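Read off the chains here:
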Amino acid sequence: MRVGLGVTGGIAAYKAAELLRLLQDRGLDVQVVMSAGARNFVTPLTFAALSGHKVISQVFGEGEQEPNVESAIEHIAVAQAIDALVIAPATANVIAKIAHGIADDFLTTLVLATKAPIIIAPAMNVDMWENAATQRNVEVLRTRGFKVIEPEEGYLACGMTGAGRLASVNTIAQAVFETLQVRDDLKGETILVTAGPTEEALDPVRYLTNRSSGKMGYALAEASQRRGAKVLLVSGPTRLQAPSGISVEFVRTTAEMAEAVFRHVDQATVVLMAAAVVDFAPTKVQTEKIKKQGGLLTVTLKPTLDILAEVARRRKPHQIIVGFAAETGQVLENAAAKLREKQLDLTVANDVTQPGAGFDSDTNIVTLVFPDGRTKPFEKMSKLDVAHLILNAVVELRSKLTPAVRE
Ligand SMILES: Cc1cc2nc3c(=O)[nH]c(=O)nc-3n(C[C@H](O)[C@H](O)[C@H](O)COP(=O)(O)O)c2cc1C
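What you see is a predicted model; the values in this text were computed from it and never measured.

Undergrad: Could you give me a rundown of the overall build of the chain, with the residues and numbers involved?
TA: Of the regular secondary structure elements, the chain holds 15 helices and 21 strands. Dimensions along the principal axes, computed over C-alpha positions, put the chain at roughly 80 × 55 × 35 Å. Looking at the chain as a whole, 42% of its 407 residues are labelled buried. Across the chain, every contact between residues at least 6 apart in sequence was considered, and the portion connecting residues at least 24 apart equals 68%.

Undergrad: Can you break down the packing of helix 1 (residues 15-25) against helix 2 (residues 44-51) residue by residue, with the values?
TA: As a packed pair, helix 1 and helix 2 sit with axes 10 Å apart at the nearest point and diverge in direction by 10°. With respect to their mutual orientation, helix 1 and helix 2 come out roughly parallel. For the pair helix 1 and helix 2, the contacting residues are Ala-17, Leu-20 and Arg-21 in the first and Thr-46, Phe-47, Leu-50 and Ser-51 in the second. Along the lines of polarity and charge, the residues of the contact of helix 1 with helix 2 split into four nonpolar, two polar and one charged.

Undergrad: Now, about the site of the ligand: what can you tell me, with residues and values included?
TA: Of all residues adjacent to the ligand, which total 16 residues, the nearest are Gly-9, Gly-10, Ser-35, Gly-37 and Thr-91. Ranked by residues supplied to the shell around the ligand, first place goes to helix 5 (residues 92-99) with three residues. Classifying every residue of the shell around the ligand gives nine nonpolar, seven polar and no charged.

Undergrad: Requested: an account of helix 14 (residues 383-400), with residues and values cited.
TA: In a regular helix each residue adds 1.5 Å, so 18 residues correspond to 26 Å; helix 14 covers 26 Å between its end C-alpha atoms and thus fits that length. By the burial criterion, the buried members of helix 14 are Lys-383, Leu-384, Val-386, Ala-387, His-388, Ile-390, Leu-391, Val-394 and Arg-398.

Undergrad: So what's going on with the domain arrangement of the chain? Residues and values would help.
TA: Considered domain by domain, the chain is made up of domain 1 (2-179) and domain 2 (190-406). Between the C-alpha centres of domain 1 and domain 2 the distance comes to 40 Å.

Undergrad: Give me the packing of helix 10 (residues 215-226) against helix 14: which residues, what numbers.
TA: Contact pair helix 10 / helix 14: the axes reach a minimum separation of 8 Å and the direction vectors enclose 60°. Classified by the angle their axes make, helix 10 and helix 14 are oblique. Here helix 10 and helix 14 pass one another in a crossing that is right-handed. Residues Lys-215, Met-216, Ala-219, Leu-220, Glu-222, Ala-223 and Ser-224 of helix 10 form the contact with helix 14, whose participating residues are Lys-383, Leu-384, Ala-387, His-388, Ile-390 and Leu-391. Here the residues of the contact of helix 10 with helix 14 sort into eight nonpolar, two polar and three charged.

Undergrad: Can you explain the sheet that holds strand 5 (residues 147-148)? Please cite residues and give values.
TA: Strands belonging to one sheet form pairs held by backbone hydrogen bonds; the direction of such a pair is parallel or antiparallel. A sheet is described by the order of its strands in space; here five strands give the open sequence 2-1-3-4-5, paired in parallel fashion. If you trace the sheet from one side to the other, it starts and ends with strand 2 (29-34) and strand 5, each paired once. As judged from the six bridges shared by strand 1 (residues 2-7) and strand 2, these two strands associate in the parallel manner. Note on strand 2: the bridge partner recorded for Val-3 is Val-30. Against the sheet, helix 1 makes contact with strand 1, strand 2 and strand 3 (84-90), and its axis sits at roughly 175° relative to strand 1, the strand it touches most.

Undergrad: Give me the lowdown on the nonpolar core, citing residues and values where you can.
TA: Counting 60 residues, the largest nonpolar core has Val-193, Leu-220, Val-271 and Val-322 as its most contacted members. The contact partners of Leu-220, leaving out residues within four places of it in the chain, are Val-193, Leu-272, Ala-274, Ala-387 and Ile-390. The next biggest cluster of nonpolar side chains, apart from the first, holds 55 residues, and it includes Leu-20, Leu-28, Met-34 and Val-176.

Undergrad: Explain the environment of Leu-110 residue by residue, including any values.
TA: Counting through the fold element by element, Leu-110 comes out in helix 6 (residues 106-113). Between the C-alpha atoms of Leu-110 and Ala-79, which are 31 residues apart in sequence, the distance is 5.7 Å.

Undergrad: Lay out the environment of Glu-310 in plain terms, naming residues and giving numbers.
TA: Turning to its location among the elements, Glu-310 is positioned in helix 12 (residues 307-313). Separated by 205 residues in sequence, Glu-310 and Asp-105 place their C-alpha atoms 58 Å apart.

Undergrad: Describe unusual backbone geometry, naming the residues involved and giving the relevant values.
TA: In this chain, Ala-88 is followed by Pro-89 through a cis amide linkage whose omega measures -5°. Positionally, Pro-89 belongs in strand 3. The phi dihedral of Gln-181 falls on the positive side, at around 60°, and the residue is not glycine. Structurally, Gln-181 is set in the loop between helix 9 (169-179) and strand 8 (190-195). In this model, Gln-343 sits at a positive phi of 55°, which is unusual for a non-glycine residue.

Undergrad: How would you summarise the pairing of strand 4 (residues 118-122) if you had to cite specific residues and measurements?
TA: With five of five residues buried, strand 4 is to be regarded as a mostly interior element. As paired elements, strand 3 and strand 4 share four bridges and run parallel to each other. Along strand 4, the bridge assignment pairs Ala-90 with Pro-122. When strand 4 meets strand 5, the two strands line up parallel, connected through two bridges.

Undergrad: Help me get a handle on the sheet that holds strand 12 (residues 247-250), residues and values and all.
TA: Within the open sheet, the eight strands sit side by side as 12-11-8-13-16-17-19-20. Their pairing is mixed. Each edge of the sheet is formed by a strand with only one pairing partner; in this case those strands are strand 12 and strand 20 (375-377). Each neighbouring strand pair of the sheet contributes to a mean axis angle of 15°, computed without reference to strand direction. Here three bridges tie strand 17 (residues 346-351) to strand 19 (residues 367-369), and the two strands are oriented antiparallel to one another. Directly across from Thr-347, in strand 19, lies its bridge partner Val-369. Those strands touched by helix 13 (residues 331-342) are strand 16 (320-327), strand 17, strand 19 and strand 20, and its axis lies near 150° from that of strand 16.

About the criteria used
- Residues numbered from 1 in each chain as written.
- Predicted model: local features only at pLDDT ≥ 70, side-chain atom pairs only at ≥ 80, totals over all residues.
- Helix = DSSP H or I, 4+ residues; strand = E, 2+ residues; numbered from the N terminus.
- Buried ≥ 20, exposed ≤ 12 C-beta atoms within 10 Å, placed from the backbone.
- Contact = placed C-beta atoms within 7 Å.
- Axes fitted to C-alpha atoms, helices over the stretch in contact; angles between N-to-C directions.
- Parallel < 35°, antiparallel > 145°, perpendicular 65-115°, else oblique.
- Nonpolar A, V, L, I, M, F, W, Y, C, P; charged D, E, K, R; others polar.
- Near = placed C-beta within 6 Å.
- Expected span 1.5 Å × (residues − 1).
- Domains from an automatic or database assignment.
- Left-handed = near helix turned anticlockwise from the far one by under 90°.
- Pairing = 2+ DSSP bridges.
- Core = buried A, V, L, I, M, F, W, Y, C linked by C-beta atoms within 7 Å.

Structure representation (structure tokens):
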């Protein structure tokens, strides 16, 4: 997830560096945007070094540099890429500009262009804060749906005492986490997630695989991280970008996935097996490419190792193990059978023939199947929302373990 961090020209600009760190600690990728005023207080180099991204200030390219096509539309690209924008500290000046729809630098243009939620943390001298113009402008922003984090009372850098001091960076970070549903109810958990398909070679150029895109597993990894868990992601080949801040181990074959899973599983308190492991592999891998001229080709397949069953067999009492059942018929019956046979704590069932569900789709339609026979069906929703529902169930299951077992 990407957050825009707007920094404007006040004494508290240096505190934005600490805020950036707090956001990064929870796996958020931060793009810093500075006003020209802010550059008098902190150098862009500080934010560039901490965030790993160049800092943006100008709409028309930086300094002498000619704007290229990419930078010419950068405000739109950033506007679309961010999931939230937080401006901290926000000067009286930037608040006034935003309230009036002025877009005369990158930050204020971004505010107009983005559909992401915006959080503003004002900081200024008490008289500037109490000025009727500032109060009116802040009210305008509130009515437009901006979240305003009130400045705190106290001793101000100008030597006066009163309201105007930037709210604590923890309070501001919490507001961002709330907006993005970043929680800490999985803090202390180590979650092992598998994602994507596996591949089984037929000859040096061909292999068997399936339609899994890895999107569900990656969403689970991202959601787990946002909720405070340490995440280990074992991924088959996918076209997805690795979620930032998560350690990913890439594998290709079922045996490689099994080896990686077994290496990590003992550390895990929760195992989410969302990978679509290829169930069959050719009994013999040809060392030479099979020629077409041979006519009809018969390939004998053998079942691959059932990684989920093996993980369940070796399970520790404190572990919650979740399996996925992507089915094309008798979905709930098959999911319940999988849960029973493998002694899982939860199965996530979905009918991959339904539009908006299953492989390569950004959405999913799932039913959670519990060992006590309960089933919870859900409407179509994004895979990230599905991931949060699954994690809610995991939190519930973990809370039912006795403290002695849970530890
Ligand atoms: C030393 C110093 C400290 C300042 N601190 C603040 C401040 O905390 N809050 C504020 O609204 N303006 C403050 N200002 C005034 C702003 O820097 C000024 O209004 C500027 O135009 C803001 O530009 P910007 O909003 O584009 O960053 C300060 C100015 C100076 C010289």
